[in-house]
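# Coordinate inspection notes
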Amino acid sequence: MPDDLTLPEPVGSFPAAGQPVPQHWSRCFGCGDQSPAGMSMSFTAGEGLDVWGRLEVAPRYQGGPGVIHGGILSTAFDEALGMVCRSIVDGPVVTGHLEIDFARPIPLGSVLEFHARIDGSIRRKVYASAEARIVEGPTADPDVVVATSRGLFLTVTAEHFEKTKDFVDGVPERPFGTSSI
Ligand SMILES: CCCCCCCCCCCCCCCC(=O)SCCNC(=O)CCNC(=O)[C@H](O)C(C)(C)COP(=O)(O)OP(=O)(O)OC[C@H]1O[C@@H](n2cnc3c(N)ncnc32)[C@H](O)[C@@H]1OP(=O)(O)O
């Protein structure tokens, strides 16, 4: 992390402490309510530049026998870190870099709580970090951090999504589809 980061004031659009942080996009795999196969994560604003997130670890998230897939956990952190960026950015951000430390196995059936915070920002770069704890389920212990993450997010403009907006409902038939077969 650069040593010349600043901690900006929260943006006015960010919800007050304890209020839900709405989904950023209804089709998002992490938080969208129009993503039936998705993770349906929910988020609440913290007291400062932070958010609390929740994930129910469904059986379909299995990696090793009985435990969450590491990629699913990474996705959950990506979502939590992206969400906390909304505390200081009133616009889109995308992940540039993501790190995860997997500290403990996370059984299926757990409920994970994520706490994500802004570490600082400079120019278009936002640095954030988070940790996860099991708060419900067979091995729940809110004092034990089961995984941690750090990420770099870049602010982008709406044009960033121009090239992919035709793919929102899947691969269009033309010009990239198989219609020529
Ligand atoms: C889906 C989202 C909907 C958004 C709606 C609202 C959002 C609010 C909630 C969000 C929650 C979402 C949670 C899921 C978020 C995803 O999963 S997003 C999907 C995964 N990410 C992507 O697809 C991004 C793909 N990558 C890119 O498009 C481009 O590489 C990027 C990230 C836009 C950067 O490209 P660029 O704009 O050309 O940036 P560039 O000028 O090269 O670099 C700018 C600065 O960043 C640094 N930098 C760039 N990349 C890196 C890197 N990988 N490592 C280190 N430094 C880097 C450069 O060194 C430079 O630093 P400074 O010179 O300022 O010191």
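The name given to the protein in an unreviewed UniProt entry is Acyl-coenzyme A thioesterase THEM4, and the organism recorded there is Rhodococcus wratislaviensis NBRC 100605.

Let us look at the sheet that holds strand β5 (residues 125-136). Ordered by their spatial adjacency, 6 strands build an open sheet running β1-β2-β4-β5-β6-β3, and the pairing between neighbours is antiparallel. Each end of this open sheet is capped by a strand with a single partner; those strands are β1 (42-45) and β3 (93-102). Between one strand and the next, the sheet's axes are offset by a mean angle of 25°, whatever the strand orientation. Relative to β5, strand β4 (residues 111-122) runs antiparallel, the two being bridged by 11 bridges. Residue pairing for β5: Ser 121 is matched across the bridge by Val 126.

Turning to the packing of aromatic side chains, a few remarks are in order. All told, the structure shown has 1 aromatic pair when counted by the stated rule. Measuring from centroid to centroid gives 5.1 Å for Phe 77 and Phe 114, while their planes differ by 90°, and the two rings are edge-to-face. Pair noted here: Phe 77 is in helix α1 (residues 70-85) and Phe 114 is in strand β4, with a separation of 37 residues, a long-range link. Using a relative accessible area of 0% as the deciding quantity, one classes Phe 77 as buried. With a relative accessible area of 0%, Phe 114 lands in the buried category.

The rules behind these values
Residues numbered from 1 in each chain as written. Predicted model: local features only at pLDDT ≥ 70, side-chain atom pairs only at ≥ 80, totals over all residues. Heavy atoms only, no water. Pairing = 2+ DSSP bridges. Helix = DSSP H or I, 4+ residues; strand = E, 2+ residues; numbered from the N terminus. Axes fitted to C-alpha atoms, helices over the stretch in contact; angles between N-to-C directions. Phe/Tyr/Trp six-rings, centres within 6.5 Å; stacked < 30°, edge-to-face > 60°. Buried < 20%, exposed > 50% of the residue type's maximum accessible area, 1.4 Å probe, protein only.

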